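Observations on the model geometry
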Amino acid sequence: MKFLVTQELKQNSLLKLVVLFLLAILSIFLCTDLVLHHLQIGLTLEQASQTLLGNEEAFIEPLLFDVLLERVHVGIFTSMITLVLLSIIYMRVKNIAKSKVIHIAFISAILAPITLLLAYVYGTVFIVLWIGFFILWHLCALYLALATVWSLVR
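Presented here is an overview of the structure given in this document. This one's a predicted model, so the numbers in the text were calculated from it and none came from an experiment.

Now for the overall build of the chain. The helix and strand inventory of the chain stands at six helices and zero strands. In the chain, the order of α-helices and β-strands from amino to carboxyl end is α-α-α-α-α-α. Once the C-alpha set of the chain is aligned to its principal axes, its extents read approximately 65 × 25 × 25 Å. For the chain, with 154 residues in total, the buried portion stands at 36%.

The next thing to look at is the packing of helix α4 (residues 65-94) against helix α6 (residues 124-153). Contact geometry of α4 with α6 gives a least axis separation of 9 Å together with a crossing angle of 35°. For the pair α4 and α6, the crossing hand works out as left-handed. Residues Ser79, Leu83, Leu86, Ile89, Tyr90, Val93 and Lys94 of α4 form the contact with α6, whose participating residues are Trp137, Ala141, Tyr143, Leu144, Ala145, Ala147, Thr148, Ser151 and Leu152. When the residues that make up the contact of α4 with α6 are grouped by side-chain class, the tally is 12 nonpolar, three polar and one charged.

A few words on unusual backbone geometry. Non-glycine residue Asn95 carries a positive phi angle of around 60°. Residue placement: Asn95 occurs in the loop between α4 and α5 (100-122). Residue Asn95 is classed as exposed on the basis of its relative accessible area of 63%.

In this model, α5 (23 residues) spans 30 Å end to end at C-alpha, consistent with the 33 Å of a helix rising 1.5 Å per residue. Within α5, the full set of buried residues consists of Ile102, Ala105, Ser108, Ala109, Ala112, Pro113, Thr115, Leu116 and Ala119. A distance of 3.3 Å separates the backbone nitrogen of Val101 from a side-chain oxygen at the start of α5, and that oxygen is part of Ser99. Trailing α5 by a residue or two, Gly123 shows a phi angle of about 95°, which is positive.

Let us now look at the nonpolar core. Judged by nonpolar contacts, the single largest core of 36 residues is most densely connected at Leu52, Leu86, Leu116, Trp130, Phe134 and Trp137. Where this core is concerned, the elements lending two or more residues are α2 (13-40), α3 (45-53), α4, α5 and α6. At 12 residues, the largest contribution of residues to this core is made by α6. Those residues in contact with Leu52 that sit more than four places away from it in its chain are Pro62, Leu63, Leu68, Leu116, Ala119, Tyr120 and Ile127.

So, about the packing of aromatic side chains. Taken as a whole and judged by the stated rule, the model has five aromatic pairs. An aromatic cluster is defined as three or more aromatic residues linked by ring pairs; in this entry it consists of Trp130, Phe134 and Trp137.

Attention now moves to the environment of Leu63. Positionally, Leu63 belongs in the loop between α3 and α4. Setting aside its immediate chain neighbours within four residues, Leu63 contacts Thr51, Leu52, Leu68, Arg71 and Tyr120.

A word on the packing of α5 against α6. Between α5 and α6, whose axes approach to 7 Å, the crossing angle comes to 155°. Taken together, the axis directions place α5 and α6 in an arrangement best described as roughly antiparallel. Judged by the twist between their axes, the crossing of α5 over α6 is left-handed. Of the residues in the contact of α5 with α6, the class split is 22 nonpolar, three polar and no charged.

Scoring rules and cut-offs
- Residues numbered from 1 in each chain as written.
- Predicted model: local features only at pLDDT ≥ 70, side-chain atom pairs only at ≥ 80, totals over all residues.
- Heavy atoms only, no water.
- Helix = DSSP H or I, 4+ residues; strand = E, 2+ residues; numbered from the N terminus.
- Buried < 20%, exposed > 50% of the residue type's maximum accessible area, 1.4 Å probe, protein only.
- Axes fitted to C-alpha atoms, helices over the stretch in contact; angles between N-to-C directions.
- Left-handed = near helix turned anticlockwise from the far one by under 90°.
- Contact = heavy atoms within 4.5 Å.
- Nonpolar A, V, L, I, M, F, W, Y, C, P; charged D, E, K, R; others polar.
- Expected span 1.5 Å × (residues − 1).
- Polar contact = N/O pair within 3.5 Å; in protein donor to acceptor, adjacent residues only side chain to side chain.
- Core = buried A, V, L, I, M, F, W, Y, C linked by side-chain atoms within 4.5 Å.
- Phe/Tyr/Trp six-rings, centres within 6.5 Å; stacked < 30°, edge-to-face > 60°.
- Parallel < 35°, antiparallel > 145°, perpendicular 65-115°, else oblique.

This is the structure in structure tokens:
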């Protein structure tokens, strides 16, 4: 990550390809993370409610708290690593000191697991908030990746 300090990224085409490859991998990760959460928990109110709270009529058991806590733990780690990498590269390539998109991405990525834990206890309102924050941080991260790719390619 030496290019973050020097101007080497603009002059070295191989390094530019490596950064583009990293951004492509992170973009694929973000898209598949959305699909994974949709399949495991659900990104609709009905599906997420059944997964977290259970459904007696359909004989669906609620998600165990330790499983939820493990998912939150892994989610916090992966979201912070992904956002740190994307934001550092974005800030360096765009040559900016701060960005509202980065702030929104980090805040929503931090609030998403908190609202997921609260949804387990308090229900529907926090399920809707979790879905919103979860999708928002993924969209912001995808924007950071695509804006950086666009700047590197042109």
